[in-house]
Amino acid sequence: MPPKQRMVAFAIGVGDAKPLPFLAGAHNGARGFHAWAVASGYESRLVIDDEAPVTFPRLKAELEAVLAPGSGPIHRMLLYFAGHGLIREAEEGLWLLSDWHKELRAVAVEVLRRRLYMHGIRQIGIFADACRSLPPDVDALDLTADPVLGRGPRKPEGTPALDKFIAAQDGTATFAVPGASPDDDRCLFSGVLLEGLWGTKPSAFSQILPGKITSSSLGKYLTTEVPALSNRYGKKVVPTAVPAFPEGDNYYFGIGPTLSPPEFPPWPPAQELGDVPRQALWLDRLGPEPDELLLNELSLDELSAPKSARDLNLSVKPSVKERLHRLRAPIHFETRAGFAVEGARVAALWTPPDAFALVQHDEARWWRVGERNGFVLTKPVPVLVELADDTYVATTALPDFIGSILCDDCGSSALVYRAVWSDRSASRATVEALGRMERGGLRASDVLDEAVDLRHKKHVDPVLGAVSAYLYDAIGDLDNIRRMAWAYHDNHQAIPYDVALLAQLEAHVGSDGLLRVDIPAVPAREPRTEKEERFSWTHQATPPARAVVAGFWPLLRQGWAFLDDPALATPELLELTSHLTRARFSTLHREGARRLSTLFGLQRQAR
């Protein structure tokens, strides 16, 4: 690492996030990371709730103090978090602070990372030792994703290098190993991590650079040692490691001060844990794997009790995947565009004045969308689908596609686009992806190959492109999002709004009312996986282009938290975030829909 660069670390540990069980290991992990960071020359802050709760105002004040103008540019920032967390949708990681249940807010990790881009930081490392389980009840599902920070002082110039080391795959849990007292509790991932960072484990060192621990060697060490240790206790913890700091500037050990590591006690044999008066708790009553446990203080009586009405209804409520397989939709409209809606009665569609919406053949769930001047839809059109329960699905009609919208009590739980005249098999990849999102099963550990699989079908269904973009954004891969945007343009398709948003593109509205973006050239690079090597479009160079964007707002609800770019989102659009329901795809309450229709000049068209 270049000398005299400012390095900053935050060690955040939230052990008391009521009503969730207390995690003494979270405090211990944060203290341990803070001690390593200080010894390694980082300007480190310890933020734990041992004496005062870790709230949003407190965390914001701590971050702003380090980021304050005049404090000096930051070369590298490390964020460590230990505590309770969860995963929603497409790699939407959330960290729960002390007051999460009272405020119904959680730290939006990916959005916070993007806000830090606006402070000129060159490298960001994220270490998270939090369970990533599917939300266990309605409170968790309805959490507001809060990035903690507002807009920074500058527009991001490219993307900082990103290292990510996450305790468990999306949708699964990590666990702690209790000691003789709470002060000796160790979160398994953090314990293995700290043994490596302090240089006490030979397997953490680079085989190419003697005496150095690099991003890559640390990642390989964690993905090998954490599963091995968890297996010793009869558990399964598979961490995610995505190291991307550049060669020559990716050291965690071996440069700077000489470290004197603390004494790490040996991990206790599994049979000794039976003497600890703390029982096993299922982190997620809805989780599929019975071996994903956390050792803590809840009794077995509490463990066996149902968590919510949703638990009781789970066995009889069909999944999103099952409902999509049963959904009936036409294969063609005369206008070559429209929607089929299942699960709710449609009261009306709202479109721009130059477009129309009509019920197809008296089938109240099928609506065709076209242009008043020409009949057939030739451009993307923003649409509000007004449901009888006074919620509104905010979506986009696309030329040559029929959108199937699946609704539940909150609005749109699924959206699948299928090209006209195509059969049901064309939407198989989307149905599978949405089913896995519902289960919290999009694996960040294989994010590169996962995104390749989804991108492969992106022209068949733009929803897949949007989901791929969120996965790429989670690892800071801006170039591949821009490659994907260019590929839509090259295929004569409008770019899904979510893709344009995450690609950080310059935008403007043309005289024809369409939103257009300028896609910069992207250089070629070496493929990172065998699957990428098979598909040149994952790593080839792409030229600059000006392209049309499909719609004026995100398809997925999680995209609204990223609306911090005035080129793609007006301040009026940002204000509508509070009117979103908790549905997976953008759905608004009545007041939000009214304001959205006014903002974009949409007119109501009833049956």
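Scroll up to find the structure.
Another point: the packing of helix H13 (residues 462-474) against helix H14 (residues 478-490). The interhelical angle for the contact between H13 and H14, taken along N-to-C directions, is 160°, at an axis separation of 9 Å. Here H14 runs roughly antiparallel to H13, going by the angle between their axes. Judged by the twist between their axes, the crossing of H13 over H14 is left-handed. On H14, the residues touching Pro462, Gly465, Ser468, Ala469, Tyr472 and Asp473 of H13 are Asn480, Ile481, Met484 and Tyr488. Grouping the constituent residues of the contact of H13 with H14 by class yields six nonpolar, three polar and one charged.

Right, let's talk about unusual backbone geometry for a bit. Residue proline 19 is reached from lysine 18 by a cis peptide bond, and omega for that bond is 5°. With respect to the helices and strands, proline 19 occurs in the loop between strand E1 (7-13) and helix H1 (24-39). Positive phi, normally seen in glycine, also occurs at valine 148, with a value near 75°. Positionally, valine 148 belongs in the loop between strand E8 (144-146) and strand E9 (161-166). A relative accessible area of 8% places valine 148 in the buried class.

Turning our eyes to something else, we now look at the sheet that holds E1. Strands sit in the order E2-E1-E3-E7-E9-E13 across an open sheet of six strands; the sheet is mixed. Strands at the two margins of the open sheet, each flanked by one partner only, are strand E2 (43-48) and strand E13 (240-242). The mean inter-strand angle of the sheet, taken between neighbouring strand axes irrespective of direction, is 10°. Relative to strand E3 (residues 76-83), E1 runs parallel, the two sharing seven bridges. Among the inter-strand pairings, phenylalanine 10 is bridged to a residue of E3, identified as leucine 79. In the packing of helix H2 (residues 56-67) onto the sheet, contacts are made with E1, E2 and E3, and the angle to E2 comes to roughly 175°.

To continue, consider the side chain of glutamine 360. Relative to the elements of secondary structure, glutamine 360 occurs in strand E19 (residues 355-360). Here glutamate 334 takes part through its side chain, which lies 3.2 Å from a polar atom of the side chain of glutamine 360. Beyond its immediate chain neighbours, meaning those up to four positions away, glutamine 360 contacts His332, Phe333, Glu334, Trp366 and Arg368.

In a beta sheet, neighbouring strands pair by backbone hydrogen bonds and run either parallel or antiparallel. Pairing is mixed in the open sheet, where four strands are placed in the order E25-E28-E27-E26. What marks the edges here is a single partner per strand, and that holds for strand E25 (495-496) and strand E26 (506-509). Pairing analysis gives four bridges linking strand E27 (residues 515-519) to strand E28 (residues 545-550), with the strands arranged antiparallel. When the sheet's bridge partners are listed, aspartate 518 is paired in E28 with arginine 546. Sheet strands in contact with H14 are E25, E27 and E28, and its direction is about 85° off that of E28.

Among the seven residues that make up strand E21 (residues 381-387), seven are buried, leaving the element largely enclosed by the rest of the structure. Where burial is concerned, the two faces of E21 agree: the one with Val381, Val383, Val385 and Leu387 and the one with Pro382, Leu384 and Glu386 are both buried. The pairing of strand E18 (residues 346-351) with E21 spans four bridges and is antiparallel. The residue of E21 that forms the bridge with tryptophan 350 is leucine 384. Counting the residues that bridge the hairpin from E21 to strand E22 (residues 392-397) gives four residues, and of these aspartate 390 lies at a positive phi of roughly 70°.

We now examine the packing of aromatic side chains. This structure, assessed with the given rule, holds 16 aromatic pairs. Summarising the aromatic geometry, the rings of phenylalanine 552 and phenylalanine 600 are spaced 5.0 Å apart at their centres and angled 35° between planes, so their arrangement reads as tilted. In this pair, phenylalanine 552 is assigned in the loop between E28 and helix H17 (571-574) and phenylalanine 600 in helix H18 (residues 590-600), connecting sequence segments 48 residues apart. Take phenylalanine 552: its relative accessible area is 15%, and that puts it in the buried class.

On to the side chain of serine 230, then. Checked against the element boundaries, serine 230 lands in helix H7 (residues 215-232). Setting aside residues up to four positions removed in sequence, serine 230 forms contacts with Phe175, Leu188, Lys235, Lys236 and Val237.

The rules behind each value
- Residues numbered from 1 in each chain as written.
- Predicted model: local features only at pLDDT ≥ 70, side-chain atom pairs only at ≥ 80, totals over all residues.
- Heavy atoms only, no water.
- Axes fitted to C-alpha atoms, helices over the stretch in contact; angles between N-to-C directions.
- Helix = DSSP H or I, 4+ residues; strand = E, 2+ residues; numbered from the N terminus.
- Parallel < 35°, antiparallel > 145°, perpendicular 65-115°, else oblique.
- Left-handed = near helix turned anticlockwise from the far one by under 90°.
- Contact = heavy atoms within 4.5 Å.
- Nonpolar A, V, L, I, M, F, W, Y, C, P; charged D, E, K, R; others polar.
- Buried < 20%, exposed > 50% of the residue type's maximum accessible area, 1.4 Å probe, protein only.
- Pairing = 2+ DSSP bridges.
- Polar contact = N/O pair within 3.5 Å; in protein donor to acceptor, adjacent residues only side chain to side chain.
- Phe/Tyr/Trp six-rings, centres within 6.5 Å; stacked < 30°, edge-to-face > 60°.

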